[in-house]
Amino acid sequence: MANKEKSFVTDAKFMLHGGDYNPDQWLDRPDILAEDIKLMQLAHTNTFSLGIFAWSALEPEEGIYKFDWLDEVIERIHGIGGKVILATPSGARPAWMSHKYPEVLRVDGQRRKQLHGGRHNHCFSSSVYREKTQQINRLLAKRYGSHPALLMWHISNEYGGECHCDTCQEAFRNWLKKKYDNNLKAVNDAWWGPFWSHTYTDWSQIESPSSIGENAVHGLNLDWRRFVTDQTIDFFENEIVPIKEISPDIPITTNLMADTFDLIPFQSLDYSKFARHVDVISWDAYPAWHNDWETTADLAVKVGFINDLFRSLKEQPFLLMESTPSAVNWHKVNKAKRPGMHLLSSMQMVAHGSDSVLYFQWRKSRGSSEKFHGAVVDHDNSPDNRVFQEVAKVGTTLEKLTDIVGTNRKADTAILYDWENNWALNDAQGYGLDTKQYPQTLQQHYRTFWEQDVPVDVITKENDFSKYRLLVVPMLYLASEETIARLKEYVANGGTLVMTYISGIVNEYDLTYMKGWHKDLQEVFGLNPVETDTLYTKDANIVHYDGKDYVLKDYATVLNIASANVEGVYKEDFYAETAAVTSNAYEGGKAYYIGGRLDDEFHRAFYGKLIEELSLKPDYAITHGLGVSVQARQEEGKDYLFIMNFTEETQPLVLGSEVKDVITGEQLHGSIKLDKYEVRIVEKAKG
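Note that the coordinates shown come from a computational prediction; the quantities given were computed from them, not determined experimentally.

Here is what the cut-offs are and how they apply
- Residues numbered from 1 in each chain as written.
- Predicted model: local features only at pLDDT ≥ 70, side-chain atom pairs only at ≥ 80, totals over all residues.
- Heavy atoms only, no water.
- Helix = DSSP H or I, 4+ residues; strand = E, 2+ residues; numbered from the N terminus.
- Buried < 20%, exposed > 50% of the residue type's maximum accessible area, 1.4 Å probe, protein only.
- Contact = heavy atoms within 4.5 Å.
- Areas by Shrake-Rupley, 256 points an atom, 1.4 Å probe, with all protein chains shown as cover.
- Lys, Arg positive; Asp, Glu negative; His and termini not counted.
- Charge placed at Lys NZ, Arg CZ, Asp CG, Glu CD.
- Phe/Tyr/Trp six-rings, centres within 6.5 Å; stacked < 30°, edge-to-face > 60°.
- Lys NZ or Arg CZ within 6 Å of the ring centre and 35° of its normal.
- Salt bridge = Lys/Arg side-chain N within 4 Å of Asp/Glu carboxyl O.
- Polar contact = N/O pair within 3.5 Å; in protein donor to acceptor, adjacent residues only side chain to side chain.
- Pairing = 2+ DSSP bridges.
- Axes fitted to C-alpha atoms, helices over the stretch in contact; angles between N-to-C directions.
- Parallel < 35°, antiparallel > 145°, perpendicular 65-115°, else oblique.
- Nonpolar A, V, L, I, M, F, W, Y, C, P; charged D, E, K, R; others polar.
- Left-handed = near helix turned anticlockwise from the far one by under 90°.

### Thoughts on the overall build of the protein
Check the secondary structure of the protein and you find 17 helices and 26 strands. In the protein, buried positions account for 61% of the 687 residues. If you take every contact in the protein between residues at least 6 apart in sequence, the share linking residues at least 24 apart comes to 74%. For the protein, the accessible surface area stands at approximately 26700 Å², while carbon and sulfur atoms represent 49% of it. Between the averaged position of the 72 positive side-chain charges in the protein and that of its 98 negative side-chain charges there is a distance of 2 Å.

### Observations concerning the packing of aromatic side chains
Across all of its chains, the model carries 46 aromatic pairs by this definition. Feature note: the residues W55, F124, Y129, Y159, F235, F236 and F274 constitute an aromatic cluster, connected by ring pairs. R363 extends its terminal NZ or CZ atom over the ring of W26, reaching a point 5.7 Å from the ring centre.

### Thoughts on helix 11 (residues 341–351)
Burial analysis of helix 11 places eleven of its eleven residues in the buried class, which makes it a mostly covered element. Of all the positions in helix 11, only M341, H342, L343, L344, S345, S346, M347, Q348, M349, V350 and A351 are classed as buried. Downstream of helix 11 by a residue or two, G353 has a phi angle that is positive, lying close to 130°.

### Section: the side chain of R93
Structurally, the position occupied by R93 is in the loop between strand 3 (83–87) and helix 4 (95–100). The side chain of R93 is buried and forms no salt bridge, while E103, the nearest opposite charge, is found at 10.0 Å. At 2.7 Å, the side chain of R93 forms a polar contact with the side chain of S98. Engagement of the side chain of R93 in a polar contact is seen with the side chain of N121, the distance being 2.9 Å. In contact with R93, not counting residues within four places along its chain, are W55, S98, V104, L105, H116, N121, H122 and Y129.

### Side note on the sheet that holds strand 7 (residues 282–284)
Spatial strand order, 6-7-8: three strands in an open sheet with parallel pairing. The open sheet is flanked by strand 6 (255–257) and strand 8 (319–322), the only strands paired with a single partner. Averaged over all adjacent pairs, the angle separating strand axes in this sheet is 45°, with direction ignored. Note that strand 6 and strand 7 share three bridges and pair parallel.

### Some thoughts on the packing of helix 6 (residues 166–179) against helix 8 (residues 218–246)
At their nearest, the axes of helix 6 and helix 8 sit 10 Å apart, and the two run at 105° to each other. Here helix 8 runs roughly perpendicular to helix 6, going by the angle between their axes. In this structure, helix 6 uses C168, A171, F172, W175, L176 and K179 to contact helix 8, whose residues at the interface are L220, D223, W224, R226, F227, D230 and Q231. A class-by-class count of the residues in the contact of helix 6 with helix 8 yields eight nonpolar, one polar and four charged.

### A word on unusual backbone geometry
Only a minority of non-glycine residues have a phi that is not negative, and only a minority of peptide bonds are not trans. The omega angle of the peptide bond from F360 to Q361 is 20°, so this bond is cis rather than trans. Tracing the backbone through its elements, the reader meets Q361 in the loop between strand 9 (356–359) and helix 12 (386–398). Of note, the phi angle at Q437 is positive, near 45°, even though the residue is not glycine. Positionally, Q437 belongs in the loop between helix 13 (419–427) and helix 14 (438–451).

### Points about the packing of helix 3 (residues 68–79) against helix 5 (residues 127–144)
Contact geometry of helix 3 with helix 5 gives a least axis separation of 12 Å together with a crossing angle of 40°. In this view, helix 3 runs oblique relative to helix 5, as classed from their interaxial angle. Viewed along their axes, helix 3 and helix 5 form a crossing whose handedness is right-handed. On helix 5, the residues touching D68, L70, D71 and I74 of helix 3 are L140, R143 and Y144. Considering only residue class, the contact of helix 3 with helix 5 consists of four nonpolar, no polar and three charged.

### Digging into the pattern of salt bridges
Applying the stated criterion across every chain yields a total of 48 salt bridges. D230 is paired through a salt bridge with K273; the nearest N and O atoms lie 3.5 Å apart. Residue D230 is found in helix 8, and its partner K273 is found in helix 9 (residues 271–274); the two are separated by 43 residues along the sequence. A relative accessible area of 27% places D230 in the partly exposed class. Between K571 and E577 there is a salt bridge, and its shortest N-O distance comes to 3.2 Å. Using a relative accessible area of 35% as the deciding quantity, one classes K571 as partly exposed. Among the charged side chains, a network of salt bridges with common partners joins D223, R226, R276, D418, E420, K461 and E462.

### Quick look at the side chain of N507
You can see N507 is positioned in the loop between strand 13 (496–500) and helix 16 (519–525). There is a polar contact of 2.9 Å between the side chain of N507 and the backbone nitrogen of Y509. Setting aside its immediate chain neighbours within four residues, N507 contacts L478, A479 and Y513.

This is the structure we're talking about:
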């Protein structure tokens, strides 16, 4: 990637450092607001997100606006050379609106109108709420759209949830009419209407899924989730009308999420669709570092996977919009980051493509539910405590990484993740209800590439497959005819495809394919899966592969072999000595099938062979043990390598060529050591 091809996601040519700032909580404390500006400079911060939940401060009464406080804050930040990411306030509406216009309140799945309170609880279909958000957004855009400190628009906050009110029901029916060309029979066919006498004879009979009504029609459930995504995006598009009109050159983002406990992709919305409507991907990352159910490296694998997914959604750098410099306040145990972890975890984000390290929050609140959530400035208001000092260290580090801004990296390996597939698979009343774990399974397949420093794009079915030499597609339960055809074409044109158990079972309507596995898949893989054995947690099997035995849990697929080569066999149960792992040459490429859920040791052996055969290893040679990760950002003639120790012990490693430490300026070669949680950022010339 040449310098001229750097993808700068904002006009800033520096790493963004700062985060969510809520001066509206401190308007009666001018001394605090003045002190913040001094502390921002001491923390080496430069960018602040403003106004995210400030609607009641901006419009305390309907039609009565107060912007003076925001004017002053923006000018102060601008005065120290800082930048502003200005939010629209729709994530939490003021009380006067809920009481005057109750139609803005959501209705839950049991058809209960919600009370005012909380946040993210408005009806996306409400014409009143759409009108009110446009009004306030237009005023913000007119007042600040051309301000030199404005770097980006932050639209709302962490979109999510759903509404089941009458307006949303009608919107859902209209969505269905459009999707199915106003053909009710087509809906009944797609949803398998005769089941339990669930055939609809009038559009008005269709309602959203409910725990007190219909929730077992999987086609309905799937279409409702698609509608929720589309309706949320439609609300987002309504929000940005005045912003695009008044400040068309300012990029727009909204902060996406991951599940904060399992650290898997957020499930309520299909972000592959949302990505098309934002200029920049940003996300909020809150890994539970130092937890008691996994190693630090285990968690780092998951973080890497999510980062690679968000980077791949637009194939450009992303922004870390929220993180914590210490502890959060919603985990069952809110453990502080240990010394060194904040720098390490921040640099992991940058290593995988982030051009920012931003926090929630700048200053801790005095009251309410987030008063103990981690922040740069604690209740002691001191720059001398450990957390503030670690933030400042991140800031000084980022100041030395300016050349990395806008760089990306090339990957020859991709793993396919699909939100719709996860929705459908979770609905499937078969297999193991607790062991399907589709996102977690993808992270397990990702692990070997992370351990061997092989760059990976985590792509969706809309991406171009042809860019990759290896495409890994675990558990693609829902696969449309179009996706299957594209996978077939990928292999035919020379690609190497890996697929697993519980793949290609249903089409995009969640209807099963008939006459066995899809004929195109049978042709590509040279086999037909005829039975899936679901195991209890105490059960296990053994797969013999490449001279060694590996443990199988949860799932095993019985295969009828046509043209495929048998690479591994089951050792136990009624399908002992039959094929468990296969390969098949198809036209210009090759397709592998893994019939069961196998352990990490198998993945290391299986993918290790593919990495060698396909020459997927990067051209920088750094020898290290498990728990150390090397990730690269690249430009023409140069690699920036992030060497990270995600273990609790000092780790030796060997540098195969001379590199320059970006932070210290020293030249490094040969054997070095990384302390616990240490990260080294080095520059390596190519050629």
